[in-house]
Amino acid sequence: MTKAIGIAAAAIALAICSLAEASTRRDWEGLTADEQRGYAFGAYDGLLIFNAGDEYGEADSAAYVACLRARPLTTDDLRTLINDGYTRDPSSLELPASGILAQQLGQRCRTEV
């Protein structure tokens, strides 16, 4: 039952994420704050789910989960991580917001991953 709820939650998060596309910084900045939060949550959730079946990916996901349980993030925090990532690295302007989030979470959880 818990697995089914998790899968349903992931599907909802991905649906929200797919409504708002953020292929570049310009796309990201064109989203409303609520769309950015939804996108960020969907991207975050995707990072934790889509590694199933991949030994190293599952290890990364487990490390992210442990890290983020110790230092929880809200959707506003995720949004801020993306904004900060784009601001700190001007060469990232053409990267998707989900890639920026993955980089930022990797830096935040570096010791665990």
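The text that follows walks through the structure, step by step, so that each part is easy to find. For clarity, every value in this text was computed on a predicted model and none was experimentally measured.

Another aspect to go through is the overall build of the protein. The helix and strand inventory of the protein stands at 6 helices and 0 strands. Scored against the burial criterion, the 113 residues of the protein give a buried share of 31%. In the protein, of all internal contacts separated by at least 6 residues, the share reaching a separation of at least 24 is 61%. Only carbon and sulfur atoms are counted for the fraction: they give 57% of the accessible area of the protein, which is about 6,800 Å².

This part takes up the packing of helix H3 (residues 33-49) against helix H4 (residues 55-70). The N-to-C vectors of H3 and H4 enclose an angle of 130°; their axes lie 8 Å apart at closest approach. With respect to H4, the axis of H3 lies oblique. Contacts between H3 and H4 involve Tyr44, Leu47 and Leu48 from the first element and Ser61, Tyr64, Val65 and Leu68 from the second. Of the residues contributing to the contact of H3 with H4, the split by class is 6 nonpolar, 1 polar and no charged.

Counting across every chain of the model gives 3 salt bridges. Arg37 is paired through a salt bridge with Asp34; the nearest N and O atoms lie 2.6 Å apart. Separated by 3 residues within a single helix, Arg37 and Asp34 lie in helix H3, roughly one turn from each other. Here Asp76 makes a salt bridge to Arg37, at a shortest N to O gap of 2.5 Å. Pair noted here: Asp76 is in helix H5 (residues 75-88) and Arg37 is in helix H3, with a separation of 39 residues, a long-range link.

Criteria and cut-off values
Residues numbered from 1 in each chain as written. Predicted model: local features only at pLDDT ≥ 70, side-chain atom pairs only at ≥ 80, totals over all residues. Heavy atoms only, no water. Helix = DSSP H or I, 4+ residues; strand = E, 2+ residues; numbered from the N terminus. Buried < 20%, exposed > 50% of the residue type's maximum accessible area, 1.4 Å probe, protein only. Contact = heavy atoms within 4.5 Å. Areas by Shrake-Rupley, 256 points an atom, 1.4 Å probe, with all protein chains shown as cover. Axes fitted to C-alpha atoms, helices over the stretch in contact; angles between N-to-C directions. Parallel < 35°, antiparallel > 145°, perpendicular 65-115°, else oblique. Nonpolar A, V, L, I, M, F, W, Y, C, P; charged D, E, K, R; others polar. Salt bridge = Lys/Arg side-chain N within 4 Å of Asp/Glu carboxyl O.

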